[in-house]
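So you can see what is in the structure, the chains are spelled out below.
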Amino acid sequence: AQTVTQSQPEMSVQEAETVTLSCTYDTSESDYYLFWYKQPPSRQMILVIRQEAYKQQNATENRFSVNFQKAAKSFSLKISDSQLGDAAMYFCAYRSTGNQFYFGTGTSLTVIP
Amino acid sequence: NAGVTQTPKFRILKIGQSMTLQCAQDMNHNYMYWYRQDPGMGLKLIYYSVGAGITDKGEVPNGYNVSRSTTEDFPLRLELAAPSQTSVYFCASSYSNYQGGNQPQHFGDGTRLSIL
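Residues numbered from 1 in each chain as written. Chains lettered and ligands numbered in written order. Predicted model: local features only at pLDDT ≥ 70, side-chain atom pairs only at ≥ 80, totals over all residues. Heavy atoms only, no water.

**Student:** It is not clear to me how the nonpolar core should be interpreted in this structure. Could you clarify?
**Tutor:** With 26 residues, the main nonpolar core has Tyr25, Trp36, Phe75, Leu77 and Tyr90 of chain A as its most contacted residues. The set of elements that each furnish at least two residues to this core consists of strand 3 (19–21), strand 5 (33–39), strand 6 (46–52), strand 8 (64–69), strand 9 (74–79), strand 10 (88–95) and strand 12 (107–112) of chain A. The dominant element in this core, judged by the number of residues it contributes, is strand 10 of chain A, at 4 residues. The next biggest cluster of nonpolar side chains, apart from the first, holds 19 residues, and it includes Met32, Tyr47, Phe74 and Leu76 of chain B. (Core = buried A, V, L, I, M, F, W, Y, C linked by side-chain atoms within 4.5 Å. Buried < 20%, exposed > 50% of the residue type's maximum accessible area, 1.4 Å probe, protein only. Helix = DSSP H or I, 4+ residues; strand = E, 2+ residues; numbered from the N terminus.)

Dropping the structure here:
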């Protein structure tokens, strides 16, 4: 089974600064998809960004971008110009070829005004 | 634009009681999933379904049952509630064809369940 590891239980960042959240995964598959989800205190799960493993170009969505290193099985999330609304739990997720999703244990991000 | 709808949002059960958590999606997604999220933890897959009439166990299926009689609905049943089942439950759906695709999961708002 695939495993997803988020080694940073908590992170903090000053407003307007940049922060990077780490995620590594273990798999023997060559074709898969990776996602970052945000879970604010409301508990909703909100898709932040997605990455196809076959694409070498890193995905970007406005202030959010990823650093995808397939050989290292690493998928970090960079948040630029952090805003107070970015404060949340962030989950890294792996989607297998069998369409099962595996989630990391999450990183709690605090944004300091 | 309802997406994934879960009911109820909150529920308190006594040990040994049973209940059904409802989940419905209106996006014509073929895949549906049930997760539980314990405090400070990620999501653990309970059951999933690849289409009407087909269900399969996830990582933590014990104590739960599911059915998928229609594409839209995927209820989760607890037969004999135990304190260890106190958790937040999320239903999710996604679309996938034979080519896979990068479609993410769409989540409901969750059901907070307490077993006392």
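There is more to say after this.
**Student:** Looking at this structure, how should I read the environment of glutamate 10 of chain A?
**Tutor:** Here glutamate 10 of chain A is to be found in strand 2 (residues 10–14). For the pair formed by glutamate 10 of chain A and tyrosine 90 of chain A, sequence separation is 80 residues and the distance between their alpha carbons is 9.9 Å.

**Student:** Looking at this model, I keep getting lost on the state of the cysteines. Mind explaining?
**Tutor:** Throughout this description, disulfide means a covalent bond between two cysteine sulfur atoms. All chains considered together, the criterion is met by 2 disulfides over all chains. Across the disulfide from cysteine 23 of chain A sits cysteine 92 of chain A; the S-S distance is 2.0 Å. Handedness of the cysteine 23 of chain A-cysteine 92 of chain A disulfide follows from its S-S torsion of about -70°: it is left-handed. Remark: cysteine 92 of chain A occurs in strand 10 and cysteine 23 of chain A occurs in the loop between strand 3 and strand 4 (24–26); sequence separation between them is 69 residues. Cysteine 92 of chain A matches cysteine 23 of chain A in its accessibility class, with the two residues each being buried. Here cysteine 23 of chain B connects covalently by a disulfide to cysteine 91 of chain B, the sulfurs 1.8 Å from one another. (Disulfide = S-S within 2.5 Å.)

**Student:** Where do I start with the interface of chain B and chain A in this structure?
**Tutor:** Often the size quoted for an interface is simply the accessible area lost on bringing the parts together. Counting from both sides, the interface comprises 28 residues of chain B and, opposite them, 19 residues of chain A. Together chain B and chain A conceal approximately 1,900 Å² of surface at their shared face, both sides included; 49% is due to carbon and sulfur atoms. At the junction of chain B with chain A, the criterion picks out 0 salt bridges. Every element with two or more residues in the side of chain B that touches chain A is listed here: strand 4 (31–37), strand 5 (43–51), strand 9 (87–94) and strand 11 (111–115) of chain B. For the side of chain B that touches chain A, a count of residues per class yields 12 nonpolar, 13 polar and 3 charged. (Contact = heavy atoms within 4.5 Å. Buried area = accessible area lost by both parts, 1.4 Å probe. Salt bridge = Lys/Arg side-chain N within 4 Å of Asp/Glu carboxyl O. Nonpolar A, V, L, I, M, F, W, Y, C, P; charged D, E, K, R; others polar.)

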